[in-house]
Amino acid sequence: MNRQTFISGRSESRIRKTQRWIERMWMFGLLLAALLLFCLNLDSPPLLNGGEQTINQVAGELTTTPLASWQWFYPTFGDKSYVEDPPLLYWLIALAYKTGNDNTLITRLPTALLSALSVPLFYGIGREIFPSRQNALFSSFIYLTVLPVVQYGRLAIADSAVLCFVMLMMVCLLRSRRDLRWSLVAGIGFALICLTQGIGFGLLLLAIGLIFIAWDTPRLLRSGYWWLGWILGIIPGLVWYTLPWLEGQAFLTANLIQESLQPFWHSVKIPRTLTGYYDYLLEFLKFSVPWLLFASYGLGLAWTHRNWGWAKFVLVWTGVYGGAVCLIGSPLSAYSLPIYPALALAGGAQLAAVWNSPRSQSYPRFWVFGLSLMSLGAIAATVYFLLEASGKLLPVVSSSVALTFAIAAILVARRDIQFIFILFWGMYVSLVLLMTSPHWIVS
């Protein structure tokens, strides 16, 4: 009678192993798709004037400096301390120069790899807040095919590199709700944000996380172990910001904090005109197609289900960061990039709701109108590129976009759920085609 009578435990263990294997395969697949999109044709066009060339020079100066030198902690630009940005991105690019040549490809490669890594991390966020894998996948596909995320993610600028650390902090913050040990990694993510984009930007993202926790899981705010993990995690960033003060160079710390907070207080001092906001809104709409069409409905869905954790997370992220973007000014500035993950989550939730709805249910007519209008706009762009002789690839890219939107509009009018896959695949192929051309830095 030593036989095992009940096998439910073994079956459950096998199911869990299968689920973990499926999760890893999806994350690996998303990473491969992101690597192709973010790393293709990085060496064309040349480094941009201003941001990229400045970063190239600062990182190049680090390669000729011993690792134990003070300059590695606080890089210089020429003979002066460079306090415009924290040094993490300069460190990564300088280390890349030590393993390869100082060229455009190597300069952009670290940020491109970090941007690609942000995609599976974003999928992890979706798996933490959504009840099904489908919602997380749809959201990840949207995030992967948002033009500003791909375009800026390929540039050697801190604004693109920081997205990876934002995803790291957020996914670990969400996991800490069921395992307090993840708060340590969330704190490390916050420190990496501060070491890449500045303490002001880091505090804004931290505020989003804390507001969500206060609404969704307020018990964590009373947990000493949870706060201890955060404190231990932020030590690297805290050391970097306080080291000049300990060394008797308090002016350097003051300049670092002032530069970090300047985009916020400076934008408040400058009065914004209605014309300026209209221009910002127009640019935002132009570079968010077609996903803003579905994300807007997803935000309404989140408000309807605001008692759910995913809805709270989306509403807090969109509301707090959207308000900050309005204060900062331009929706296409570097500080605006983290708004797109929140919109991707909203759009993914809406598309998943459509996928699981009865097939007899009609879709909003505005979707047909919006997709048709976008298709006409892409056709007009194709004609313009052909008349201007803007190269061979741009007309192909715009034609691909026009065909994608036209087919999707027809399928939506027919209540065919396959329009979702048409949009995902068409947008991805169009972006790959765009990245193979030297015109992928669009304005």
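The structure displayed is predicted, hence computed values, not measured ones. (Residues numbered from 1 in each chain as written. Predicted model: local features only at pLDDT ≥ 70, side-chain atom pairs only at ≥ 80, totals over all residues. Heavy atoms only, no water.)

Visitor: Before we go on, may I ask you to explain the pattern of salt bridges in this structure?
Guide: Pairs can form between side chains of opposite charge whenever their charged atoms are close. If you walk through the whole model with that rule in mind, you get 8 salt bridges. Where Glu 52 meets Arg 108, a salt bridge forms, and the shortest distance between an N and an O atom there is 2.9 Å. Residue Glu 52 is found in helix H2 (residues 51–63), and its partner Arg 108 is found in helix H5 (residues 104–129); the two are separated by 56 residues along the sequence. Accessibility assignment for this pair places Glu 52 and Arg 108 in one class, buried. Between Glu 128 and Arg 175 there is a salt bridge whose closest N-O contact spans 3.1 Å. (Salt bridge = Lys/Arg side-chain N within 4 Å of Asp/Glu carboxyl O. Helix = DSSP H or I, 4+ residues; strand = E, 2+ residues; numbered from the N terminus. Buried < 20%, exposed > 50% of the residue type's maximum accessible area, 1.4 Å probe, protein only.)

Visitor: What am I meant to see in helix H8 (residues 158–175) here?
Guide: Turn by turn, an α-helix covers 3.6 residues, leaving residues three or four places apart pointing in a common direction. Its 18 residues give H8 an end-to-end C-alpha distance of 26 Å, which sits within 8% of 26 Å, the value for a rise of 1.5 Å per residue. A large share of H8 lies buried, amounting to 17 of its 18 residues. (Expected span 1.5 Å × (residues − 1).)

Visitor: Explain the packing of aromatic side chains to me, please; I cannot follow it from the model alone.
Guide: Aromatic rings in a pair are described by how distant their centres are and how their planes are angled relative to each other. Counted according to the given criterion, the structure contains 24 aromatic pairs. On the numbers, 6.3 Å between centres and 75 degrees between planes, the contact of Phe 138 with Trp 355 is edge-to-face. Taken together, the residues Phe 138 in helix H6 (residues 133–144) and Trp 355 in helix H17 (residues 339–355) connect sequence positions 217 residues apart. Considering the side-chain rings of Tyr 297 and Trp 367, the 5.4 Å spacing of their centres and the 80 degrees angle between planes classify their relative orientation as edge-to-face. With a gap of 70 residues between them, Tyr 297 in helix H15 (residues 291–304) and Trp 367 in helix H18 (residues 365–388) connect regions that are remote in the sequence. Among the residues examined, Tyr 297 registers a relative accessible area of 32% and is labelled partly exposed. For Trp 367, a relative accessible area of 0% translates into the label buried. One aromatic cluster is present, formed by Trp 26, Phe 138, Phe 141, Trp 291, Phe 294, Tyr 297, Trp 355, Tyr 363, Trp 367, Phe 419, Phe 421 and Phe 424 through successive ring pairs. Above the face of the Trp 182 ring, Arg 175 is positioned so that its terminal group lies 5.0 Å from the ring centre. For Arg 359, the ring lying beneath its charged end belongs to Trp 355, and the centroid distance is 5.7 Å. (Phe/Tyr/Trp six-rings, centres within 6.5 Å; stacked < 30°, edge-to-face > 60°. Lys NZ or Arg CZ within 6 Å of the ring centre and 35° of its normal.)

Visitor: Can you help me understand unusual backbone geometry in this one?
Guide: Looking along the chain, the bond that leaves Ser 44 and enters Pro 45 is cis, with omega of 0 degrees. Val 289 connects to Pro 290 through a cis peptide bond whose omega is -5 degrees. Counting through the fold element by element, Pro 290 comes out in the loop between helix H14 (274–287) and H15. Despite not being glycine, Asn 41 shows a phi value in the positive range, around 60 degrees. Counting through the fold element by element, Asn 41 comes out in the loop between helix H1 (8–39) and H2.

Visitor: Would you mind going over the nonpolar core with me for this structure?
Guide: Buried together is how nonpolar side chains tend to be arranged in soluble globular proteins. Within the largest apolar cluster, 134 residues are counted, with the highest numbers of intra-cluster contacts made by Met 170 and Phe 419. With 15 residues, the single largest contributor to this core is H8. The residues contacting Phe 419, other than those within four sequence positions of it, are Phe 294, Leu 351, Val 354, Tyr 363, Trp 367, Ala 408, Leu 411 and Val 412. (Core = buried A, V, L, I, M, F, W, Y, C linked by side-chain atoms within 4.5 Å. Contact = heavy atoms within 4.5 Å.)

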